[in-house]
Amino acid sequence: MMRKVDVALGARSYPIVIGCGIMDELTAFVRQAGYSPRGMIVTDEHVAPHCAARIAACIARAGVQAEVAVIPAGEQSKSLAQAEQLFTRAISLGLDRKSPIFALGGGVVGDLTGFVAASYMRGVPFIQLPTTLLAQVDSSVGGKVAVNHARGKNLIGAFYQPDAVFMDLDALQTLPAREIRAGLGEIIKYGIICDADFFAWLEAHTADVLALAPDAAAYMIARSCEIKADVVRQDEREGGLRRILNFGHTIAHAVETETGYARYRHGEAVAIGMAGAAQISAAMGLLSSADAARITRLITAMGLPCTAEGVTADAMYADLFHDKKTVGGRIHWVLAACIGRVCVRSDVPEDVVRNTIAGLCS
Ligand code: NAD
Ligand code: ZN
């Protein structure tokens with residue numbers, strides 16, 4: 001069973017291949033790509049033991065010897081210092097402008113490796129092999145690559161599309177349950193912003209979804225990629241529409257900031273943020289209270305939080321106005337008009353925001 005999603009971006013279009021046992025597809029892709037015979041696979045210390053050798057062998061079968069570079073797991077690896085080490089490694093290996101660089105891991109590996117691929121020799125071929133649910137449904141699709149700066153997350157980066165993305169569902173088997181739930185936060189988001197049927201499907205298949213039953217996993221990952229790809233196709237560089245992907249993220253960023261990016265996984269913070277955005281949407285008279293309740297019910301059913309611990313309402317409120325998506329001091333709220341459709345509003349009254357935040361912190 002294999003699914004394919006095409007990201008249509010003109011000359012930068014690329015395929016996303018999703019399924020169990022898709023290694024032959026990877027080999028075939030590399031064989032026809034016209035790459036230099038030397039490349040690099042970047043992965044982290046958790047992922048490397050499970051699949052680095054197998055992936056290197058697949059790529060070798062296509063005639064590319066790819067050296068495996070293992071970085072420490074965790075967000076702190078998304079740094080200029082780590083990027084510099086990878087540049088040094090690439091130079092030492094003699095990688096040239098047609099040498100492919102593969103990102104084998106979660107969003108940390110993907111964002112860092114993409115940044116390195118975008119910058120090394122002004123850009124070399126980049127292939128994403130995402131191994132977390134979050135990376136498969138979100139970070140590996142859309143071309144945003146970055147490292148963090150001491151002063152903020154993702155501040156140094158680029159738009160750089162991969163040549164292809166291969167999502168091996170087998171890789172998810174070693175993923176901790178909490179990481180699966182974190183990915184589900186973004187998956188629920190896609191239903192809310194674009195697809196009421198998908199949202200209803202998630203409600204009806206919660207058990208299969210949480211267990212990552214193969215058919216359910218393949219479907220929900222493919223559907224999520226289709227939705228994200230479609231939004232990115234229409235707005236590659238976030239001029240407008242792409243903003244809808246930030247549903248739940250305004251509050252999520254405040255939760256993450258206030259908890260030092262330590263207490264919550266990103267998808268968990270997004271779940272809290274979506275519960276908040278649903279409440280604001282209802283308070284603004286946009287969303288029915290029945291639909292707002294469906295949103296919080298699904299979040300809860302997937303084992304995700306709807307309220308935040310370790311934060312205060314005042315600090316969260318102050319953070320909201322420092323979010324980088326704030327334009328001219330006004331927050332552009334992505335709100336739900338119904339399940340399956342969102343709108344952007346910058347006229348949410350202060351007391352509505354304050355009441356919602358206070359409710360989330362209780
Ligand atoms: P992550 O890369 O840190 O992975 C989470 C944990 O799972 C890590 O410990 C990792 O080693 C481990 N892991 C990965 N695959 C595994 C596997 N198959 N089996 C066992 N363990 C495995 O985190 P993430 O949630 O995948 O990604 C978060 C990052 O993604 C953040 O830096 C965020 O900024 C970024 N992101 C980027 C975009 C984008 O558009 N570029 C979008 C969303 C998030
Ligand atoms: Zn997100």
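Scoring rules and cut-offs
- Residues numbered from 1 in each chain as written.
- Chains lettered and ligands numbered in written order.
- Predicted model: local features only at pLDDT ≥ 70, side-chain atom pairs only at ≥ 80, totals over all residues.
- Heavy atoms only, no water.
- Pairing = 2+ DSSP bridges.
- Helix = DSSP H or I, 4+ residues; strand = E, 2+ residues; numbered from the N terminus.
- Axes fitted to C-alpha atoms, helices over the stretch in contact; angles between N-to-C directions.
- Contact = heavy atoms within 4.5 Å.
- Salt bridge = Lys/Arg side-chain N within 4 Å of Asp/Glu carboxyl O.
- Buried < 20%, exposed > 50% of the residue type's maximum accessible area, 1.4 Å probe, protein only.
- Donors = N, O, S within 2.8 Å, 3.2 Å for Na, K, Ca; no water.
- Near = heavy atom within 4 Å.
- Polar contact = N/O pair within 3.5 Å; in protein donor to acceptor, adjacent residues only side chain to side chain.
- Areas by Shrake-Rupley, 256 points an atom, 1.4 Å probe, with all protein chains shown as cover.
- Nonpolar A, V, L, I, M, F, W, Y, C, P; charged D, E, K, R; others polar.
- Domains from an automatic or database assignment.

Undergrad: Looking at this structure, how should I read the sheet that holds strand β5 (residues 101-105)?
TA: Strands pair in a sheet through their backbones, by hydrogen bonds, and they do so in one of two ways: parallel or antiparallel. Pairing is mixed across the open sheet formed by seven strands, whose spatial order is β1-β2-β9-β6-β5-β3-β4. The open sheet has two edge strands, β1 (2-7) and β4 (65-71), and neither has a second partner. Averaged over all adjacent pairs, the angle separating strand axes in this sheet is 15°, with direction ignored. Sheet strands in contact with helix α9 (residues 214-234) are β1, β2 (14-19) and β9 (164-168), and its direction is about 5° off that of β1.

Undergrad: Quick question: what am I supposed to make of the pattern of salt bridges here?
TA: Following the criterion strictly, the structure yields 19 salt bridges and no others. For the salt bridge of aspartate 111 with lysine 78, the shortest nitrogen-to-oxygen distance reads 2.9 Å. You can see aspartate 111 sitting in helix α4 (residues 107-119) and its partner lysine 78 sitting in the loop between β4 and α3 (80-92), a full 33 residues away along the chain. For aspartate 111, a relative accessible area of 11% translates into the label buried. Using a relative accessible area of 4% as the deciding quantity, one classes lysine 78 as buried. For glutamate 226, the salt bridge is made with arginine 223, and the minimal N-O distance between the two is 2.7 Å. Pair noted here: glutamate 226 and arginine 223 are both in helix α9, with a separation of three residues, about one helical turn. Given a relative accessible area of 35%, glutamate 226 falls into the partly exposed group.

Undergrad: Sorry, what's going on with the coordination of the zinc ion (ligand 2) here?
TA: Octahedral metals with six donors have ideal donor angles of 90 or 180 degrees. Tetrahedral metals with four donors have an ideal donor angle of 109.5 degrees. Within the protein, Glu186 (OE), His249 (NE2) and His266 (NE2) serve as the donor atoms for the zinc ion (ligand 2), at 1.9 to 2.1 Å. When the donors of the zinc ion (ligand 2) are listed by position in the chain, the intervening gaps give E-x62-H-x16-H. Of this pair, histidine 249 sits in helix α10 (residues 249-258) while histidine 266 sits in helix α11 (residues 266-283); the two residues are 17 residues apart in sequence, bridging distant segments of the chain. Residue histidine 249 is classed as buried on the basis of its relative accessible area of 5%.

Undergrad: Just checking my understanding: could you explain the pairing of β2 for this structure?
TA: Within a regular strand, the side chains alternate between the two sheet faces. Of all six residues making up β2, six are buried, and the element is well covered by its neighbours. Neither face of β2 is open: one carries Tyr14, Ile16 and Ile18, the other Pro15, Val17 and Gly19, and all of them are buried. Sheet topology note: the β1/β2 ladder contains six bridges and is antiparallel. Bridge pairing links lysine 4 to valine 17 in β2. Where β1 hands over to β2, the hairpin turn is made up of six residues, of which glycine 10 adopts a positive phi near 60°. Bridge count for β2 against β9 is four bridges, and the pairing is parallel. Looking at the pairing, valine 17 lines up with phenylalanine 166 of β9.

Undergrad: How do you make sense of the site of ligand 1 when you look at a structure like this?
TA: The immediate surroundings of ligand 1 are formed by 24 residues, with Asp44, Glu75, Thr131, Thr132 and Thr174 found nearest. Contacts to ligand 1 include glycine 107, whose backbone N or O atom sits 2.8 Å from an oxygen atom. Alanine 171 is positioned such that a nitrogen or oxygen atom in its backbone is 2.9 Å from a nitrogen atom of ligand 1. Out of a free accessible area of 870 Å², ligand 1 has 89% covered by protein chains. Contributions of two or more residues to the shell around ligand 1 are made by α4, α5 (133-139) and β8 (152-159). Its residues assigned to classes, the shell around ligand 1 shows six nonpolar, eight polar and ten charged. Here the shell around ligand 1 gathers at least three residues from each of two domains, domain 1 (2-174) and domain 2 (177-360).

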